[in-house]
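Spelled out, the chains give:
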Amino acid sequence: MSTHTREGATAADAVPTVSGVAVPDASALFGAVVWTATVLAGRLGTVPRALALAPLVLVPLGVGMAAHRPFPGRAGQFLRAAVWLQPVGALGFTASLALDVQDITAAALAAPWLLVTGLLGLAAFVRILDRGGLALPETAIDTGLAYVSVGAVALLLYHLDITFYFGSTIILLTAVHFHYAGFVLPVVTGLTGRSGHLDSRLWRSLVGVILAGPAIIAVGISFSPLVEVVAVGGFTVAVALFGWYVLARIAPTRPRGQAILLGASAVALPVSMALALGYGVATFSGLDLGLDIATMVALHGSLNAFVFALGGLVGWRLDVPE
């Protein structure tokens, strides 16, 4: 695995380490153990199982790789604070889901994760201001760091039973949406762009759709089935083309083990989004396509969590593009 510093970066800009091990990597390994133990103990249902994987494993992996290009100045200070607090926030997040209740205790356990994601959002905002221009891979990564706080807010609302005019399941799925489509996908997109093999108008357009898509889909789910169907349709096309880029242009340039993981991740993403599109069409048209919430959680959710997200992030971690 590659290191967390680059030539010209100062020690103060680097991700913190303990005994030579980067804290995000150590946290992701620890989180994997906690997640496995919690699942084996039967404390997490299907949706909470996928959701808990994000703060415990996926977010520290993504943040650690994002910081292979150091965050200088105030952005780095915010990022390092988030890195140190992340294990505490992830444990509280998971404990709140394991309680399987909607009350102030569960909300209090989930609250530290809002602080962690808020710090990540501040790091992204400051880095964008300091950069003063559009560097597409870095903008994608910063977008993921900003979006994840929306997922933290959604989980807090779920535990407080503040659902507005939605059901509590929709609020919980919103938390899932912004940890996966909101965080993992932009970060993976940014890492893909950092590999240096992509620079075309089509690629830049796809990245734009991928970055705007999660927010537009959320608006559609909230206010308009038609907007949801159109947004998911455009998003599905974009991620399908993104998957093709990874399979055709990126995977062949990477080591064999990494290529396999990135290829599997690239295939899983458009398949899971096609299921989401079918669900949106069924909701809008009233057709019975056999895609109810339970089916979507089992198929769409599992593909996103365990093949696309985990496979993609672990794949990139094997040889991080600088």
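What you are looking at is a predicted structure, and each value in this text was computed from that prediction instead of being measured. (Residues numbered from 1 in each chain as written. Predicted model: local features only at pLDDT ≥ 70, side-chain atom pairs only at ≥ 80, totals over all residues. Heavy atoms only, no water.)

A.B. asks: What's the story with helix 7 (residues 201-223) in this structure? I'm lost.
C.D. replies: Since there are 3.6 residues in each turn of an α-helix, residues three or four apart along the chain are aligned in direction. Helix length check: helix 7 (23 residues) gives 32 Å between terminal C-alpha atoms against 33 Å at 1.5 Å per residue, within 8%. Largest kink in helix 7: about 45°, centred on glycine 213, with the proline proline 214 one to four residues after it. Those residues of helix 7 not exposed but buried are Trp203, Leu206, Val207, Ile210, Leu211, Gly213, Pro214, Ile217, Ala218 and Gly220. Residues of helix 7 that are buried in the fold lie against helix 5 (136-159), helix 6 (168-194) and helix 8 (225-250). (Helix = DSSP H or I, 4+ residues; strand = E, 2+ residues; numbered from the N terminus. Expected span 1.5 Å × (residues − 1). Bend = angle between axes of the 7 residues up to and from the residue. Buried < 20%, exposed > 50% of the residue type's maximum accessible area, 1.4 Å probe, protein only. Contact = heavy atoms within 4.5 Å.)

A.B. asks: It is not clear to me how the pattern of salt bridges should be interpreted in this structure. Could you clarify?
C.D. replies: Opposite charge on two side chains makes pairing possible when the charged atoms of those side chains draw close. Here the structure, examined in full by the defined rule, presents seven salt bridges. A network of salt bridges, in which partner residues are shared, links Arg69, Arg127, Arg131, Glu138, Asp142 and Arg194. (Salt bridge = Lys/Arg side-chain N within 4 Å of Asp/Glu carboxyl O.)

A.B. asks: Explanation requested: the packing of helix 6 against helix 7 in the structure shown.
C.D. replies: Geometry of a packed helix pair, given as the angle between the helix axes and the separation of the axes. Taken N-terminus to C-terminus, the directions of helix 6 and helix 7 make an angle of 175°; their axes are 11 Å apart at the nearest point. By the angle between their axes, helix 6 is roughly antiparallel relative to helix 7. In contact with Ile170, His177, Phe178, Ala181, Gly182, Leu185, Pro186, Thr189, Thr192 and Gly193 of helix 6, helix 7 contributes Trp203, Val207, Ile210, Leu211, Pro214, Ile217, Ala218 and Ile221. Here the residues of the contact of helix 6 with helix 7 sort into 13 nonpolar, five polar and no charged. (Axes fitted to C-alpha atoms, helices over the stretch in contact; angles between N-to-C directions. Parallel < 35°, antiparallel > 145°, perpendicular 65-115°, else oblique. Nonpolar A, V, L, I, M, F, W, Y, C, P; charged D, E, K, R; others polar.)

A.B. asks: Please clarify how the packing of helix 1 (residues 23-40) against helix 3 (residues 73-99) should be interpreted in this entry.
C.D. replies: In contact at an axis separation of 10 Å, helix 1 and helix 3 are set at 10° when each is read in the N-to-C sense. Of the possible angle classes, the one that applies to helix 1 and helix 3 is roughly parallel. Note on element contacts: helix 3 touches helix 1 through Val83, Trp84, Gln86, Pro87, Leu91 and Thr94, opposite Val23, Pro24, Ser27, Phe30, Val34 and Thr38. Class assignment of the residues belonging to the contact of helix 1 with helix 3 gives a composition of eight nonpolar, four polar and no charged.

A.B. asks: Explain the side chain of histidine 179 here, please?
C.D. replies: Along the chain, the position of histidine 179 falls in helix 6. Here histidine 179 falls in the buried class, since its relative accessible area comes to 0%. Looking at histidine 179, its side chain comes within polar contact range of the side chain of tryptophan 113, at 3.1 Å. Beyond its immediate chain neighbours, meaning those up to four positions away, histidine 179 contacts Leu51, Ala54, Phe93, Trp113, Val148, Gly151, Ala152 and Val184. (Polar contact = N/O pair within 3.5 Å; in protein donor to acceptor, adjacent residues only side chain to side chain.)

Read these as layout, nothing more, since geometry by itself doesn't imply function.
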